[in-house]
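Descriptive structure summary
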There are 2 protein chains.
Amino acid sequence: MSKILPPSIQSLIEEFAKLPGIGPKTAGRLTFFLLTKPQKDINAFGEAVLSLKEGLVNCEKCFNISQKSPCEICSDERRDLTKIMVVEESLDVLALSKTNFNGLYHVLGGAISPIDGIGPDNLRIKELLDKLKKDTTSEKTKKIEEVILATDPSLEGEATAMYISKQIEKNGFEVNVTRIARGLPVGSDLEYADEITLSRALEGRNKY
Amino acid sequence: MSKILPPSIQSLIEEFAKLPGIGPKTAGRLTFFLLTKPQKDINAFGEAVLSLKEGLVNCEKCFNISQKSPCEICSDERRDLTKIMVVEESLDVLALSKTNFNGLYHVLGGAISPIDGIGPDNLRIKELLDKLKKDTTSEKTKKIEEVILATDPSLEGEATAMYISKQIEKNGFEVNVTRIARGLPVGSDLEYADEITLSRALEGRNKY
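Residues numbered from 1 in each chain as written. Chains lettered and ligands numbered in written order. Predicted model: local features only at pLDDT ≥ 70, side-chain atom pairs only at ≥ 80, totals over all residues. Heavy atoms only, no water.

1. Quick word on the packing of helix α3 (residues 39-50) of chain A against helix α3 (residues 39-50) of chain B
The contact between α3 of chain A and α3 of chain B brings their axes to 8 Å, and the two run at 180 degrees. Between α3 of chain A and α3 of chain B, the angle falls in the class roughly antiparallel. The residues of α3 of chain B that touch α3 of chain A, namely those facing Gln-39, Ile-42, Asn-43, Phe-45, Gly-46, Glu-47, Val-49 and Leu-50 of chain A, are Gln-39, Ile-42, Asn-43, Phe-45, Gly-46, Glu-47, Val-49 and Leu-50 of chain B. (Axes fitted to C-alpha atoms, helices over the stretch in contact; angles between N-to-C directions. Helix = DSSP H or I, 4+ residues; strand = E, 2+ residues; numbered from the N terminus. Parallel < 35°, antiparallel > 145°, perpendicular 65-115°, else oblique. Contact = heavy atoms within 4.5 Å.)

What follows is the structure, encoded as C-alpha coordinates:
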(Lines give C-alpha, C1' and ligand atoms only; values in the text may rest on other atoms or scores of the structure.)
Protein backbone atom coordinates (compact mmCIF):
# COMPACT_ATOMS: atom_id res chain seq x y z
CA MET A 1 0.00 0.00 0.00
CA SER A 2 2.72 2.46 0.96
CA LYS A 3 4.54 1.55 -2.23
CA ILE A 4 1.89 2.83 -4.54
CA LEU A 5 0.89 5.86 -2.46
CA PRO A 6 2.93 9.07 -2.64
CA PRO A 7 4.34 9.86 0.85
CA SER A 8 2.38 13.11 1.23
CA ILE A 9 -0.89 11.21 0.79
CA GLN A 10 0.24 8.37 3.02
CA SER A 11 1.24 10.77 5.76
CA LEU A 12 -2.09 12.64 5.78
CA ILE A 13 -3.96 9.31 5.86
CA GLU A 14 -1.92 8.36 8.92
CA GLU A 15 -2.65 11.68 10.61
CA PHE A 16 -6.40 11.39 9.98
CA ALA A 17 -6.35 7.82 11.29
CA LYS A 18 -5.04 9.09 14.65
CA LEU A 19 -8.32 10.96 15.23
CA PRO A 20 -11.01 9.21 17.29
CA GLY A 21 -13.55 7.24 15.28
CA ILE A 22 -11.58 7.52 12.04
CA GLY A 23 -10.20 4.22 10.73
CA PRO A 24 -7.75 3.77 7.86
CA LYS A 25 -10.53 3.53 5.24
CA THR A 26 -12.22 6.75 6.31
CA ALA A 27 -8.80 8.41 6.59
CA GLY A 28 -8.15 7.47 2.96
CA ARG A 29 -11.52 8.76 1.86
CA LEU A 30 -10.99 12.10 3.63
CA THR A 31 -7.51 12.49 2.16
CA PHE A 32 -8.66 11.76 -1.39
CA PHE A 33 -11.57 14.13 -0.88
CA LEU A 34 -9.13 16.91 0.00
CA LEU A 35 -7.06 16.05 -3.09
CA THR A 36 -10.02 17.04 -5.25
CA LYS A 37 -10.19 20.47 -3.59
CA PRO A 38 -8.31 23.61 -4.71
CA GLN A 39 -5.12 24.44 -2.81
CA LYS A 40 -6.89 27.48 -1.30
CA ASP A 41 -9.37 25.25 0.56
CA ILE A 42 -6.61 22.87 1.66
CA ASN A 43 -4.65 25.82 3.04
CA ALA A 44 -7.69 27.06 4.97
CA PHE A 45 -8.02 23.65 6.63
CA GLY A 46 -4.29 23.23 7.32
CA GLU A 47 -3.97 26.69 8.80
CA ALA A 48 -7.05 26.21 10.96
CA VAL A 49 -5.33 23.13 12.41
CA LEU A 50 -2.00 24.87 12.97
CA SER A 51 -3.51 27.91 14.67
CA LEU A 52 -6.00 25.94 16.76
CA LYS A 53 -4.36 26.65 20.10
CA GLU A 54 -3.25 30.20 19.29
CA GLY A 55 -4.30 32.60 22.01
CA LEU A 56 -6.25 29.97 23.92
CA VAL A 57 -6.10 29.81 27.70
CA ASN A 58 -7.94 27.96 30.43
CA CYS A 59 -10.27 30.32 32.26
CA GLU A 60 -8.91 30.84 35.79
CA LYS A 61 -12.40 30.54 37.23
CA CYS A 62 -14.22 27.74 35.38
CA PHE A 63 -11.19 26.17 33.55
CA ASN A 64 -13.08 26.16 30.27
CA ILE A 65 -10.98 26.76 27.16
CA SER A 66 -11.29 30.39 26.19
CA GLN A 67 -9.59 33.37 24.59
CA LYS A 68 -9.48 35.31 27.81
CA SER A 69 -9.43 34.69 31.52
CA PRO A 70 -11.94 35.03 33.12
CA CYS A 71 -13.83 33.68 30.11
CA GLU A 72 -16.88 35.17 28.41
CA ILE A 73 -19.22 33.16 30.61
CA CYS A 74 -17.52 33.89 33.94
CA SER A 75 -17.31 37.60 33.15
CA ASP A 76 -20.92 37.86 32.03
CA GLU A 77 -22.74 39.62 34.86
CA ARG A 78 -26.18 38.75 33.57
CA ARG A 79 -25.60 35.11 34.42
CA ASP A 80 -27.06 33.42 37.46
CA LEU A 81 -24.09 33.31 39.83
CA THR A 82 -25.91 31.12 42.33
CA LYS A 83 -25.80 28.01 40.12
CA ILE A 84 -22.70 26.12 39.10
CA MET A 85 -22.71 23.25 36.58
CA VAL A 86 -19.88 20.74 37.05
CA VAL A 87 -18.81 19.03 33.80
CA GLU A 88 -15.96 16.80 32.69
CA GLU A 89 -14.77 18.59 29.56
CA SER A 90 -14.96 21.86 27.66
CA LEU A 91 -16.94 20.05 24.98
CA ASP A 92 -19.67 19.47 27.58
CA VAL A 93 -19.94 23.22 28.12
CA LEU A 94 -20.50 23.60 24.38
CA ALA A 95 -23.34 21.02 24.48
CA LEU A 96 -24.96 22.53 27.58
CA SER A 97 -24.71 26.05 26.18
CA LYS A 98 -27.50 25.08 23.78
CA THR A 99 -29.88 24.54 26.72
CA ASN A 100 -31.45 27.39 28.65
CA PHE A 101 -29.03 26.99 31.58
CA ASN A 102 -27.80 30.43 32.51
CA GLY A 103 -25.49 29.81 35.45
CA LEU A 104 -21.75 29.21 35.66
CA TYR A 105 -19.64 26.18 34.80
CA HIS A 106 -16.79 24.28 36.40
CA VAL A 107 -14.72 22.07 34.09
CA LEU A 108 -13.13 19.17 36.00
CA GLY A 109 -10.79 18.11 33.22
CA GLY A 110 -12.00 14.49 33.11
CA ALA A 111 -13.57 11.90 35.40
CA ILE A 112 -12.27 9.57 38.08
CA SER A 113 -10.97 6.48 36.31
CA PRO A 114 -8.59 4.21 38.24
CA ILE A 115 -7.91 2.16 35.07
CA ASP A 116 -6.48 5.26 33.37
CA GLY A 117 -4.71 6.33 36.57
CA ILE A 118 -6.99 9.34 37.06
CA GLY A 119 -7.83 9.94 40.70
CA PRO A 120 -9.66 12.85 42.38
CA ASP A 121 -6.36 14.73 42.72
CA ASN A 122 -5.90 14.78 38.94
CA LEU A 123 -9.19 16.64 38.52
CA ARG A 124 -10.14 20.17 39.51
CA ILE A 125 -12.23 19.02 42.48
CA LYS A 126 -10.21 20.96 45.05
CA GLU A 127 -10.76 24.11 42.98
CA LEU A 128 -14.50 23.47 43.07
CA LEU A 129 -14.51 23.04 46.84
CA ASP A 130 -12.40 26.22 47.20
CA LYS A 131 -15.02 28.04 45.17
CA LEU A 132 -17.79 26.89 47.52
CA LYS A 133 -15.68 27.82 50.54
CA LYS A 134 -14.86 31.24 49.18
CA ASP A 135 -18.41 32.01 48.28
CA THR A 136 -19.88 31.18 51.63
CA THR A 137 -17.55 33.54 53.48
CA SER A 138 -17.12 36.42 51.04
CA GLU A 139 -19.82 39.07 51.05
CA LYS A 140 -18.95 40.46 47.64
CA THR A 141 -19.77 37.48 45.43
CA LYS A 142 -23.20 35.89 45.37
CA LYS A 143 -23.50 32.71 47.39
CA ILE A 144 -23.61 29.52 45.30
CA GLU A 145 -26.93 27.86 46.06
CA GLU A 146 -26.83 24.88 43.74
CA VAL A 147 -24.12 22.60 42.40
CA ILE A 148 -25.43 20.65 39.40
CA LEU A 149 -23.36 17.53 38.78
CA ALA A 150 -23.40 17.10 34.99
CA THR A 151 -20.66 14.51 34.59
CA ASP A 152 -21.35 11.76 32.03
CA PRO A 153 -23.87 9.05 33.02
CA SER A 154 -21.03 6.52 32.71
CA LEU A 155 -19.28 4.46 35.38
CA GLU A 156 -16.54 7.11 35.67
CA GLY A 157 -18.95 10.04 35.55
CA GLU A 158 -21.19 8.55 38.25
CA ALA A 159 -18.18 7.81 40.49
CA THR A 160 -16.97 11.37 40.04
CA ALA A 161 -20.40 12.82 40.82
CA MET A 162 -20.67 10.65 43.95
CA TYR A 163 -17.16 11.61 45.10
CA ILE A 164 -17.86 15.32 44.70
CA SER A 165 -21.21 15.15 46.51
CA LYS A 166 -19.54 13.33 49.42
CA GLN A 167 -16.75 15.92 49.59
CA ILE A 168 -19.30 18.73 49.68
CA GLU A 169 -21.20 16.96 52.45
CA LYS A 170 -17.98 16.23 54.41
CA ASN A 171 -16.95 19.88 54.28
CA GLY A 172 -20.37 20.92 55.52
CA PHE A 173 -21.04 23.38 52.68
CA GLU A 174 -24.62 24.64 52.69
CA VAL A 175 -25.46 24.07 49.06
CA ASN A 176 -27.98 22.02 47.11
CA VAL A 177 -26.25 19.26 45.18
CA THR A 178 -28.24 17.96 42.20
CA ARG A 179 -27.53 15.45 39.45
CA ILE A 180 -28.81 15.71 35.87
CA ALA A 181 -31.63 13.22 35.20
CA ARG A 182 -30.89 9.86 33.68
CA GLY A 183 -33.74 8.48 31.60
CA LEU A 184 -34.91 7.88 28.06
CA PRO A 185 -33.45 10.23 25.45
CA VAL A 186 -36.12 12.38 23.81
CA GLY A 187 -37.21 10.89 20.49
CA SER A 188 -35.94 7.41 21.36
CA ASP A 189 -37.84 4.14 21.38
CA LEU A 190 -38.65 2.60 24.77
CA GLU A 191 -38.26 -0.93 23.39
CA TYR A 192 -34.62 -0.30 22.47
CA ALA A 193 -33.62 1.20 25.83
CA ASP A 194 -31.27 -0.87 28.00
CA GLU A 195 -32.54 -2.03 31.38
CA ILE A 196 -30.33 0.29 33.44
CA THR A 197 -31.62 3.34 31.57
CA LEU A 198 -35.19 2.06 31.95
CA SER A 199 -34.71 1.52 35.69
CA ARG A 200 -33.30 5.03 36.03
CA ALA A 201 -36.20 6.46 34.03
CA LEU A 202 -38.64 4.72 36.43
CA GLU A 203 -36.79 5.87 39.56
CA GLY A 204 -36.73 9.43 38.26
CA ARG A 205 -40.42 9.52 37.29
CA ASN A 206 -42.30 12.64 38.24
CA LYS A 207 -45.87 13.88 38.49
CA TYR A 208 -47.50 14.32 35.11
CA MET B 1 -22.66 28.69 20.07
CA SER B 2 -20.21 30.90 18.22
CA LYS B 3 -20.38 33.36 21.11
CA ILE B 4 -18.95 31.01 23.66
CA LEU B 5 -16.42 29.31 21.34
CA PRO B 6 -13.07 30.97 20.63
CA PRO B 7 -12.80 31.70 16.87
CA SER B 8 -9.83 29.34 16.33
CA ILE B 9 -11.90 26.42 17.67
CA GLN B 10 -14.99 27.51 15.76
CA SER B 11 -13.03 27.75 12.52
CA LEU B 12 -11.49 24.27 12.81
CA ILE B 13 -14.92 22.80 13.60
CA GLU B 14 -16.22 24.43 10.41
CA GLU B 15 -13.32 23.05 8.38
CA PHE B 16 -13.81 19.52 9.71
CA ALA B 17 -17.54 19.75 9.01
CA LYS B 18 -16.78 20.35 5.30
CA LEU B 19 -15.33 16.84 5.03
CA PRO B 20 -17.64 14.08 3.79
CA GLY B 21 -19.42 12.12 6.51
CA ILE B 22 -18.42 14.55 9.26
CA GLY B 23 -21.29 16.48 10.81
CA PRO B 24 -21.03 19.39 13.24
CA LYS B 25 -21.04 17.11 16.32
CA THR B 26 -18.18 14.93 15.06
CA ALA B 27 -16.33 18.05 13.91
CA GLY B 28 -16.57 19.38 17.46
CA ARG B 29 -15.37 16.11 18.94
CA LEU B 30 -12.38 15.96 16.58
CA THR B 31 -11.44 19.57 17.32
CA PHE B 32 -11.63 19.11 21.08
CA PHE B 33 -9.64 15.89 20.72
CA LEU B 34 -6.86 17.84 18.99
CA LEU B 35 -6.99 20.45 21.76
CA THR B 36 -5.88 17.80 24.23
CA LYS B 37 -2.82 16.95 22.09
CA PRO B 38 0.61 18.62 22.34
CA GLN B 39 1.36 21.35 19.79
CA LYS B 40 3.93 19.03 18.14
CA ASP B 41 1.19 16.57 17.13
CA ILE B 42 -1.10 19.36 15.97
CA ASN B 43 1.72 20.73 13.81
CA ALA B 44 2.33 17.30 12.27
CA PHE B 45 -1.34 17.11 11.28
CA GLY B 46 -1.56 20.68 10.01
CA GLU B 47 1.60 20.38 7.95
CA ALA B 48 0.48 17.06 6.48
CA VAL B 49 -2.65 18.86 5.26
CA LEU B 50 -0.74 21.84 3.84
CA SER B 51 1.80 19.74 1.97
CA LEU B 52 -0.72 17.18 0.70
CA LYS B 53 -0.47 18.19 -2.94
CA GLU B 54 3.24 18.99 -2.93
CA GLY B 55 5.02 17.27 -5.78
CA LEU B 56 1.94 15.35 -6.86
CA VAL B 57 1.11 14.93 -10.54
CA ASN B 58 -1.36 12.91 -12.57
CA CYS B 59 0.41 10.07 -14.33
CA GLU B 60 0.37 10.80 -18.07
CA LYS B 61 -0.51 7.19 -18.81
CA CYS B 62 -3.04 6.02 -16.24
CA PHE B 63 -3.98 9.44 -14.73
CA ASN B 64 -3.55 8.10 -11.21
CA ILE B 65 -2.20 10.58 -8.65
CA SER B 66 1.51 10.01 -8.27
CA GLN B 67 4.85 11.55 -7.49
CA LYS B 68 6.20 10.97 -10.96
CA SER B 69 4.91 10.49 -14.47
CA PRO B 70 4.72 7.76 -15.67
CA CYS B 71 3.78 6.53 -12.19
CA GLU B 72 5.28 3.63 -10.24
CA ILE B 73 2.72 1.22 -11.64
CA CYS B 74 2.96 2.29 -15.29
CA SER B 75 6.76 2.19 -15.20
CA ASP B 76 6.90 -1.23 -13.53
CA GLU B 77 7.93 -3.63 -16.28
CA ARG B 78 7.04 -6.72 -14.27
CA ARG B 79 3.37 -5.85 -14.56
CA ASP B 80 1.01 -7.57 -16.97
CA LEU B 81 0.71 -5.01 -19.77
CA THR B 82 -2.07 -6.93 -21.51
CA LYS B 83 -4.68 -6.12 -18.85
CA ILE B 84 -6.07 -2.69 -18.08
CA MET B 85 -8.39 -1.98 -15.16
CA VAL B 86 -10.70 1.01 -15.68
CA VAL B 87 -11.68 2.77 -12.43
CA GLU B 88 -13.41 5.99 -11.45
CA GLU B 89 -10.97 7.44 -8.94
CA SER B 90 -7.42 7.16 -7.61
CA LEU B 91 -8.87 5.86 -4.36
CA ASP B 92 -10.16 2.85 -6.30
CA VAL B 93 -6.60 2.05 -7.43
CA LEU B 94 -5.59 2.04 -3.76
CA ALA B 95 -8.37 -0.44 -2.92
CA LEU B 96 -7.61 -2.70 -5.90
CA SER B 97 -3.88 -2.65 -5.20
CA LYS B 98 -4.63 -4.88 -2.22
CA THR B 99 -5.89 -7.62 -4.54
CA ASN B 100 -3.61 -9.80 -6.64
CA PHE B 101 -4.36 -7.84 -9.84
CA ASN B 102 -1.06 -7.17 -11.53
CA GLY B 103 -2.01 -5.29 -14.70
CA LEU B 104 -2.30 -1.58 -15.45
CA TYR B 105 -4.94 0.97 -14.46
CA HIS B 106 -6.84 3.74 -16.18
CA VAL B 107 -8.41 6.39 -13.93
CA LEU B 108 -11.46 8.00 -15.55
CA GLY B 109 -11.78 10.85 -13.09
CA GLY B 110 -15.39 10.10 -12.17
CA ALA B 111 -18.49 8.51 -13.65
CA ILE B 112 -21.16 9.66 -16.08
CA SER B 113 -23.75 11.57 -14.04
CA PRO B 114 -26.14 13.85 -15.95
CA ILE B 115 -27.47 15.26 -12.65
CA ASP B 116 -24.00 16.56 -11.78
CA GLY B 117 -23.40 17.67 -15.36
CA ILE B 118 -20.75 15.01 -15.96
CA GLY B 119 -20.92 13.56 -19.46
CA PRO B 120 -18.56 11.16 -21.27
CA ASP B 121 -16.48 14.11 -22.50
CA ASN B 122 -15.68 15.14 -18.91
CA LEU B 123 -14.09 11.77 -18.24
CA ARG B 124 -10.89 10.27 -19.66
CA ILE B 125 -12.75 7.89 -21.98
CA LYS B 126 -11.17 9.25 -25.16
CA GLU B 127 -7.74 8.66 -23.60
CA LEU B 128 -8.71 5.05 -22.90
CA LEU B 129 -9.83 4.52 -26.50
CA ASP B 130 -6.62 6.15 -27.76
CA LYS B 131 -4.67 3.68 -25.63
CA LEU B 132 -6.48 0.75 -27.21
CA LYS B 133 -5.95 2.23 -30.68
CA LYS B 134 -2.26 2.87 -30.07
CA ASP B 135 -1.65 -0.55 -28.67
CA THR B 136 -3.18 -2.44 -31.56
CA THR B 137 -0.99 -0.68 -34.13
CA SER B 138 2.33 -0.24 -32.33
CA GLU B 139 4.68 -3.19 -32.32
CA LYS B 140 6.72 -1.99 -29.37
CA THR B 141 4.11 -2.11 -26.62
CA LYS B 142 2.29 -5.28 -25.76
CA LYS B 143 -1.24 -5.51 -27.10
CA ILE B 144 -3.97 -4.94 -24.53
CA GLU B 145 -6.05 -8.11 -24.40
CA GLU B 146 -8.51 -7.33 -21.63
CA VAL B 147 -10.24 -4.19 -20.44
CA ILE B 148 -11.71 -4.77 -16.97
CA LEU B 149 -14.47 -2.28 -16.20
CA ALA B 150 -14.19 -1.68 -12.45
CA THR B 151 -16.41 1.36 -12.07
CA ASP B 152 -18.68 1.41 -9.01
CA PRO B 153 -21.75 -0.88 -9.05
CA SER B 154 -23.90 2.25 -8.81
CA LEU B 155 -26.26 3.78 -11.36
CA GLU B 156 -23.49 6.11 -12.57
CA GLY B 157 -20.82 3.43 -12.55
CA GLU B 158 -22.98 0.99 -14.51
CA ALA B 159 -23.87 3.67 -17.07
CA THR B 160 -20.18 4.52 -17.47
CA ALA B 161 -19.23 0.84 -17.89
CA MET B 162 -21.95 0.36 -20.50
CA TYR B 163 -20.93 3.52 -22.37
CA ILE B 164 -17.28 2.46 -22.51
CA SER B 165 -18.07 -1.08 -23.65
CA LYS B 166 -20.25 0.31 -26.44
CA GLN B 167 -17.53 2.71 -27.54
CA ILE B 168 -15.00 -0.13 -27.67
CA GLU B 169 -17.42 -2.21 -29.73
CA LYS B 170 -18.22 0.72 -32.04
CA ASN B 171 -14.54 1.34 -32.72
CA GLY B 172 -14.05 -2.33 -33.50
CA PHE B 173 -11.15 -2.85 -31.08
CA GLU B 174 -10.23 -6.48 -30.68
CA VAL B 175 -10.18 -6.70 -26.91
CA ASN B 176 -12.05 -8.63 -24.24
CA VAL B 177 -14.23 -6.32 -22.18
CA THR B 178 -15.12 -7.66 -18.73
CA ARG B 179 -16.99 -6.23 -15.75
CA ILE B 180 -16.17 -6.98 -12.10
CA ALA B 181 -18.70 -9.33 -10.52
CA ARG B 182 -21.64 -7.99 -8.57
CA GLY B 183 -22.84 -10.31 -5.83
CA LEU B 184 -22.86 -10.85 -2.08
CA PRO B 185 -19.92 -9.28 -0.23
CA VAL B 186 -17.73 -11.90 1.46
CA GLY B 187 -18.64 -12.27 5.14
CA SER B 188 -22.10 -10.76 4.69
CA ASP B 189 -25.48 -12.22 5.58
CA LEU B 190 -27.71 -13.35 2.73
CA GLU B 191 -30.84 -12.33 4.61
CA TYR B 192 -29.73 -8.70 4.76
CA ALA B 193 -28.83 -8.41 1.06
CA ASP B 194 -31.06 -6.22 -1.11
CA GLU B 195 -32.97 -7.85 -3.96
CA ILE B 196 -30.91 -6.29 -6.75
CA THR B 197 -27.68 -7.62 -5.25
CA LEU B 198 -29.32 -11.04 -4.76
CA SER B 199 -30.53 -11.09 -8.38
CA ARG B 200 -27.03 -10.17 -9.56
CA ALA B 201 -25.50 -12.87 -7.38
CA LEU B 202 -27.86 -15.42 -8.96
CA GLU B 203 -27.19 -14.24 -12.50
CA GLY B 204 -23.46 -14.40 -11.89
CA ARG B 205 -23.50 -17.87 -10.29
CA ASN B 206 -20.79 -20.26 -11.41
CA LYS B 207 -19.95 -23.95 -11.22
CA TYR B 208 -19.02 -25.09 -7.71
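Still to come is the rest of the account.
2. A closer look at helix α1 (residues 7-17) of chain A
What α1 of chain A keeps buried is the set Ser-8, Ile-9, Gln-10, Leu-12, Ile-13, Glu-15 and Phe-16 of chain A. Where α1 of chain A is buried, its residues touch α2 (24-35) and α3 of chain A together with α1 (7-17), α3 and β2 (65-66) of chain B. (Buried < 20%, exposed > 50% of the residue type's maximum accessible area, 1.4 Å probe, protein only.)

3. A word on unusual backbone geometry
The phi angle of most residues is negative, glycine excepted, and most peptide bonds adopt the trans form. Here the amide bond leading from Ser-69 of chain A into Pro-70 of chain A is cis, since omega sits at -5 degrees, within 30 degrees of zero. Relative to the elements of secondary structure, Pro-70 of chain A occurs in the loop between β2 (65-66) and β3 (83-87). The backbone phi angle of Phe-63 of chain B is positive, close to 70 degrees, even though this residue is not glycine. Note that Phe-63 of chain B resides in the loop between β1 (57-58) and β2. Accessibility expressed as a relative area gives 15% for Phe-63 of chain B, which makes it buried.

4. Some thoughts on the pattern of salt bridges
Residue and element names in this part refer to chain B. Summed over all chains, the structure comprises 18 salt bridges over all chains. A salt bridge links Asp-130 to Lys-133; the nearest nitrogen and oxygen atoms lie 3.8 Å apart. Placement of both Asp-130 and Lys-133 in helix α5 (residues 125-137) is noted, with a separation of 3 residues, approximately one turn of the helix. Assessed through its relative accessible area of 43%, Lys-133 is described here as partly exposed. (Salt bridge = Lys/Arg side-chain N within 4 Å of Asp/Glu carboxyl O.)

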